[in-house]
Structure formats: C-alpha cells, structure tokens
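Each chain is listed here by its residues.
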Amino acid sequence: MALAWAATLARAAPLARAAGLAVVALVAFVPSAQAGWGRPFELTKPGSLDLIGTQLAFARSGASAAAYGVEDVDTPGDSQAFVVPRSPGGAVGSPQAIGSAKQVLALSFDGSALQLLTGVSPGALTCCSSVQAIRMTAGGTLQPPRTLVGGLTGATEGQLLTLGNGGMLAAVATERGVWVVQAAHGNRFGSPHRLTGAAQIPQSMSSAWQGGRSTIVVWTSARGPAGTADPRTIYYAVGSSKGAPRRARKLLTVPSGHRIDELDVARRGSRATAAWVESWYDRKGVFHSVVRAADIVANPGVRNLSPAGQLAAGVSISADAAGDQGVAWKACRANGSCTVQAAVRGAHSTFAGRSSFGQIDPGDEPAAAIGPRGQAIVAWVRSGRPMAAAGSAHSRRFGSATTLSRTAQFAANLAIAFGPRRQALAAWSQGTLNPSVVGAAYTG
C-alpha cells in the first residue's frame, strides 16, 4: 500500500494516481441458492463531518468491528477515531471514540479482544506524531494505550497482523523509516525495530502473515536529498518463531528510468507474493503504467498482469491460508474512463488471463481480498453506487455484478473483510452533506 504522501512524489502522468476512496476487493463466493448480499444497514448515523477510511476486522466467533474517523476538512488536525462493534448475529453496537486517537491505521482481533493500531498527534497537529496500540476487550472496554513508535512526522501507514498461537505484529511506515513491533502475547508489545537505513525514505509498505509465527514486511524507498530519486528497489524482511523481522533484503530492482509507485504483499502458502504498479516514460515521452507480480523467492520471476496500452493504478493483492490469491486494480484510458480488473489463481496455479468488470469511477481505487476457501468477490463503486461480483480463484470465473445499495448515490471508501462462517462484511461511507457509514453482509 502506498503511503498517503507518495502521490505527491510521483512524476506527472496523463492520468495520475487518484487518491480515491472506493475499494475493489475479492470476497467470499460459494455456489448456493442462499448465497448473496443482505440489505444494507447503518453502522453510524448521518453526521456533519467528513469520514476517514473505514476498516473492518472479523473474530473467529463471527463478531466483527468497523473503525473509522471523522474530520473537519477546514481544520484537518481536528479529527477523532471511532470503532463500532457488531455481534456474530449481526447486532450493531454504538460507535465508541478511541481515546485521543486521530486515525485508525489498522485493526485485528486477537481471540475475542480487538487490537487497534492508532495514530496520535498533540493539539491541532495533523496525524501522526506517534503510533499507539489500544486493546478493546470483548466487553467493549478500551484499555490504556501503549505507544509503539514515537517521534514521527506527517502521514503514517500502519498494518497489524494476528499471528498463530497468540501474538501480533505491528508494521509502521513514514517518510522517516519502517518499523516493526511484535507482541509475544496479546498487548505485550516489545521494543520497536527499524528495518530501513538512514539514507532510505520509504514510499510504500505492506505486510502479511505467512502462518504460525512467520511474517513478512515489504517496502520501497527513495534515496537522494529528500527522496528525490525514484523508488526502484523492493526490499523485504521475514520474521519467524525466533522473533520479528530483522534483516532487510532486496527482492528486485526495476530498470533505470522506471519507478515503483505502489506495492502490496500477500501470503502464498508458507511464502509470499508481491504485486506492484511500475511506471516509466518511453523514448517518445509516452507514459506507461503496469501491474506486475512476483513470488518472493531467491530468483523471482516477474509476470505482467495488466494489459498494455492502459494505465494501471490501485493494485491490491490478497490470499487465503492455502495460497489462493487475487490481484485487483483499475485500468484507465487516455480519455479518463477506467475499468475494474482482476487476476486470480489457485494455490498451485499461475496467474493466467484476467477478468474485467466494467466501469469504475475514475477517482476510486481498488483493493483485494480472498475468502478462506479460494472464494472471491470483486467490489467497486460505479456512478456512486457500491457494486460486487462473486467468483472463485479456483475456477477463475465470476458471476454477474450486484448493486449493494440501490439508494446510495455518493458511496466511497468501500472496505470488505471475511469472517470464519462463510460470511463477508462490506462497509462504505455514504453521502456528502451528511455522510454515514453503511454496511452490507454477504452469505456464501
């Protein structure tokens, strides 16, 4: 996932990467007469302030939570993070303010408790100056926050992984570096470890759980004064039962004149796969942008996923524990029109071909997720309405598109997550004058 500020460092292009809020995701699909989406429901009541990035998480019990923020656009430092619980039966709780947190960077369940990775800044300063971990008990009580990384400035990227046999890993990235902090059990986080060198200025960061206590963190960095050089190298670090990721390694370096604009990583069995957007200008001054993917191995083989002649953006990759994977992105033409595209593969297959799902609003960006048995859904926003199409990574086929809410006209920030009981939950912000967070549940 690219850091929020990375777009300001990217070179000009005919179609620049938009800071869109919609998400394209791959979600659960099991052929069944009862499969489908339920009616949309409110997670929050309409309010007068803008909404920030809804995120979702599921517990093994089937309980879930949605985290989001509210912000006054006239004073960007004036923001507040919230969390909304949802029971296994679908009962939605009341929104709860998360202490002094201005943003929720990530969230993940550890058993029945919910762990929140939050961004904090003093006063009216914009987020983030530090990153904290806050644990919410099954009863809804917020425990005292613990600062994981401090001394930060500006936009911050964070991810939170729940490990097997207990424990968690937090990965944090800003323009100053990439850090990891691991907890052996529950909220008992240790000291932060910096993965990047002093000369590196991170541009993108992503992480994934690889089973057991194995984790991987990938990132790109720019060099030179204030990161003036293009980010051309993908780095990674692997953690194991012996501890959090420590040693940084190079996966690959793209050719001179090319740059890596976006990066994401997902599990591939006991290993992982990186997907990224690579861009460059040719000798005639024509801009190119493609989605590429490579397994993280000693001699990675790079595969092009997006079609030639189109500009790719918003790449996102996801996988299940077996290694079934899906990559989603948007492909745009010079006239400004964009389509949703995805490539999926089973655990023992290669990416072959791609699926296209029609128009996506040009300002929206995609993401991806895969269900526990290779099930998939592609979801996107078309003309302000949330859409979804169910399919399978095994068969590489998808069904017809479904509108998640026929009353929505200004949907954005569409997020989706899987539960353990063949269910998925989608959530998006709806409206511009009095926006609210709306959800819809999928049953496979």
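Look up: the structure comes first, before these words.
Everything quoted here is computed from the prediction, not taken from an experiment.

Q: Outline the state of the cysteines, listing residues and values.
A: Note on terminology: disulfide describes a covalent bond linking the sulfur atoms of two cysteines. For the structure on display, the rule yields 2 disulfides. Covalently, C127 is tied to C128 through a disulfide, its sulfur atoms 2.0 Å apart. The chirality of the disulfide connecting C127 with C128 is right-handed, given an S-S dihedral of about 85°. Both residues of the pair, C127 and C128, belong to the buried class. C332 shares a disulfide with C338; S-S distance 2.0 Å.

Q: Can you tell me about the side chain of Q375, naming the residues and giving the values?
A: Examined against the element boundaries, Q375 turns out to sit in strand β27 (residues 375-382). Look at Q375 and you get buried, because its relative accessible area is 3%.

Q: Which residues make up the sheet that holds strand β8 (residues 113-120), and what values do they have?
A: The strand order across the open sheet built from 4 strands is β7-β8-β9-β10, with neighbouring strands paired in antiparallel fashion. A single partner strand is all that each edge strand has here, and the edge strands are β7 (103-110) and β10 (146-149). Across the sheet, the mean angle separating the axes of adjacent strands is 25° when strand polarity is ignored. In terms of strand pairing, strand β9 (residues 130-136) meets β10 through 3 bridges, oriented antiparallel. Bridge pairing in β10 links A133 to R146.

Q: An account of the packing of aromatic side chains is requested, with residue identities and associated values reported.
A: Within the structure shown, the criterion is met by 6 aromatic pairs. A network of ring pairs unites the aromatic residues F357, W380 and F398 as a single cluster. Here R267 stacks its cationic end above the ring of W209, 5.0 Å away from the centre of that ring.

Q: Give a description of the pattern of salt bridges that names residues and reports values.
A: In this structure the tally under the stated criterion is 6 salt bridges. For R259, the salt bridge goes to D230, with nearest N and O atoms at 3.1 Å. With a gap of 29 residues between them, R259 in strand β19 (residues 259-268) and D230 in the loop between β16 (215-222) and β17 (233-239) connect regions that are remote in the sequence. Taking relative accessible area as the criterion, D230 reaches 30% and is therefore assigned partly exposed. R345 serves as the salt-bridge partner of D295, at 2.9 Å between the closest nitrogen and oxygen. Remark: R345 occurs in strand β25 (residues 338-345) and D295 occurs in strand β21 (residues 287-295); sequence separation between them is 50 residues. Residues joined in a network through salt bridges with shared partners are D230, R259 and D261.

Cut-offs and rules
- Residues numbered from 1 in each chain as written.
- Predicted model: local features only at pLDDT ≥ 70, side-chain atom pairs only at ≥ 80, totals over all residues.
- Heavy atoms only, no water.
- Disulfide = S-S within 2.5 Å.
- Buried < 20%, exposed > 50% of the residue type's maximum accessible area, 1.4 Å probe, protein only.
- Helix = DSSP H or I, 4+ residues; strand = E, 2+ residues; numbered from the N terminus.
- Pairing = 2+ DSSP bridges.
- Axes fitted to C-alpha atoms, helices over the stretch in contact; angles between N-to-C directions.
- Phe/Tyr/Trp six-rings, centres within 6.5 Å; stacked < 30°, edge-to-face > 60°.
- Lys NZ or Arg CZ within 6 Å of the ring centre and 35° of its normal.
- Salt bridge = Lys/Arg side-chain N within 4 Å of Asp/Glu carboxyl O.

Keep in mind that these numbers describe shape and distance, not what the molecule does.
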